[in-house]
Amino acid sequence: MTRDRPPAPSGPPRSRRGALAVLAGLAIAAAVLPPLLRRLAPLPLEPLPGLPGFRRIEGTDLTRAFDPFVGLGTPASETATDTLRAAADRAVRADPCAALFPGWSGDSVPLAVFTDHNCAVCRRTEPEVRGWVGAQGGRVTLFWHDLPLLGPTSEIAARGALAARRLGAEAAFRARLLRSAPSPDPAWLAGTGASLGLDGARLAALAGSPEVDAALAGNLALFQLLGLAGTPGAVLGRTVVSGALPRERWARLLAGESAEATRAACQAL
């Protein structure tokens, strides 16, 4: 009579399988936990010197600036330039929030973005910022602050954007800037304006006007007041951002901001 033999084991011993399961769990934890802990950790926010109620956070991919007034070349003399700088600085310090968020209604979280056309990071992230703001369903209001930090074409782009804003065509002009490189020449502005259905000569004239001179000086004064070192830069509610941030951090910043908190910080200045 033949006895039945027990079936041969089809896999590693149970103790070995358990050890493998533990190792697999540790590997998964090692991959998952660090990003999770980074998301749960408090954001590294620091008080902003000189602006009580505001704070700052450092991003990445910052294009550093030179003399922030280097592109402001329209005034005829150095004395006129100094006068313009001083007036802009006084106006910005008297009401930083009005300069940052012009025309803000107070019922949304404002986002002021500082950009330079020749900053490659700015050009890459501008559509991302627009898309993120659009996805907030009106909770965030966007304000652009163009800067002339990186040479003559930066200045012509900034002046053109400020002039196009006054003609109700800022979005179309900004979209054109993302597709083409400007020439440091008023003729380029006139041609670009005409291609957008504007009065090109009027756009070019407005870009070199005292009104746009003052607006550009105001952007530069804000840039200095906030202690920004380059572009991109931003202010979301009460938080100054130096450099680029991933979308996840923008979402976390927004979760800690509100229209009420921004109004309170602005009123405390």
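Residues numbered from 1 in each chain as written. Predicted model: local features only at pLDDT ≥ 70, side-chain atom pairs only at ≥ 80, totals over all residues. Heavy atoms only, no water.

### Thoughts on the pattern of salt bridges
Oppositely charged side chains may form a pair once their charged atoms are brought near each other.
Point 1. Enumeration according to the criterion identifies 14 salt bridges in this entry.
Point 2. Among the ionic pairs, Arg 55 bridges to Glu 257, the shortest N-O distance being 3.2 Å. Of this pair, Arg 55 sits in strand β2 (residues 55-58) while Glu 257 sits in the loop between α10 (247-255) and α11 (259-267), and the two are 202 residues apart along the sequence. Across this residue pair, the class does not change: Arg 55 and Glu 257 are buried. (Salt bridge = Lys/Arg side-chain N within 4 Å of Asp/Glu carboxyl O. Helix = DSSP H or I, 4+ residues; strand = E, 2+ residues; numbered from the N terminus. Buried < 20%, exposed > 50% of the residue type's maximum accessible area, 1.4 Å probe, protein only.)

### Focus on the nonpolar core
General note: in soluble globular proteins, nonpolar side chains tend to be found buried as a group.
Point 1. Judged by nonpolar contacts, the single largest core of 28 residues is most densely connected at Phe 54, Leu 100, Phe 101, Phe 114, Leu 226 and Val 235.
Point 2. When residues of this core are traced back to their parent elements, those giving at least two are α2 (78-94), α3 (96-100), β4 (109-115), α9 (210-225) and α11.
Point 3. Broken down by element, the residue count for this core peaks at six residues, all from α9.
Point 4. In this structure, Phe 54 is in contact with Pro 47, Leu 48, Cys 97, Val 235, Gly 237, Arg 238, Ala 265, Cys 266 and Leu 269, ignoring residues within four places of it in sequence.
Point 5. Grouped together as the second largest cluster of nonpolar side chains are 18 residues, Leu 177, Trp 188, Leu 206 and Ala 215 included. (Core = buried A, V, L, I, M, F, W, Y, C linked by side-chain atoms within 4.5 Å. Contact = heavy atoms within 4.5 Å.)

### Topic: the confidence of the model for the protein chain
Fine structural detail should not be taken from predicted coordinates in areas where pLDDT scores are low.
Point 1. Mean pLDDT over the protein chain works out to 87, with 81% of the residues at or above the 70 mark.
Point 2. Below a pLDDT of 50 lies the segment residues 33-38, which in the model reaches two contacts outside its immediate sequence neighbourhood of four places, other chains included. (pLDDT = per-residue confidence, 0-100.)

### So, the environment of Ala 171
Point 1. Note on placement: Ala 171 falls in helix α6 (residues 170-179).
Point 2. Distance in space between the C-alpha atoms of Ala 171 and Ala 161 is 8.7 Å, their sequence separation being 10 residues.

### Details of the packing of aromatic side chains
Point 1. Counted by the stated rule, this structure contains four aromatic pairs.
Point 2. Between the aromatic rings of Trp 132 and Trp 250, the centroid separation amounts to 5.8 Å while the plane-to-plane angle is 40 degrees, which identifies the pairing as tilted. Separated by 118 residues along the polypeptide, Trp 132 in helix α4 (residues 120-134) and Trp 250 in helix α10 bring together distant segments of the chain. Trp 250 carries the same exposure label as Trp 132, and that label is buried.
Point 3. Counting every residue linked through ring pairs, the aromatic cluster contains Phe 101, Trp 104 and Phe 143.
Point 4. Positioned above the aromatic ring of Trp 144 is the side chain of Arg 174, whose terminal nitrogen or guanidinium carbon lies 4.2 Å from the ring centre. (Phe/Tyr/Trp six-rings, centres within 6.5 Å; stacked < 30°, edge-to-face > 60°. Lys NZ or Arg CZ within 6 Å of the ring centre and 35° of its normal.)

### Some details on the pairing of β4
Consecutive side chains along a regular strand alternate between the two faces of the sheet.
Point 1. In terms of residue burial, β4 counts as a mostly covered element, since seven of its seven residues are buried.
Point 2. Burial along β4 is two-sided: Val 109, Leu 111, Val 113 and Thr 115 facing one way and Pro 110, Ala 112 and Phe 114 facing the other are all buried.
Point 3. By the bridge criterion, seven bridges tie β4 to strand β5 (residues 140-146) in an arrangement that is parallel. What sits directly across from Leu 111, in β5, is Leu 142.
Point 4. Pairing geometry for β4 and strand β7 (residues 233-236), over four bridges, is antiparallel. The partner of Val 113 across the bridge, within β7, is Ala 234. (Pairing = 2+ DSSP bridges.)

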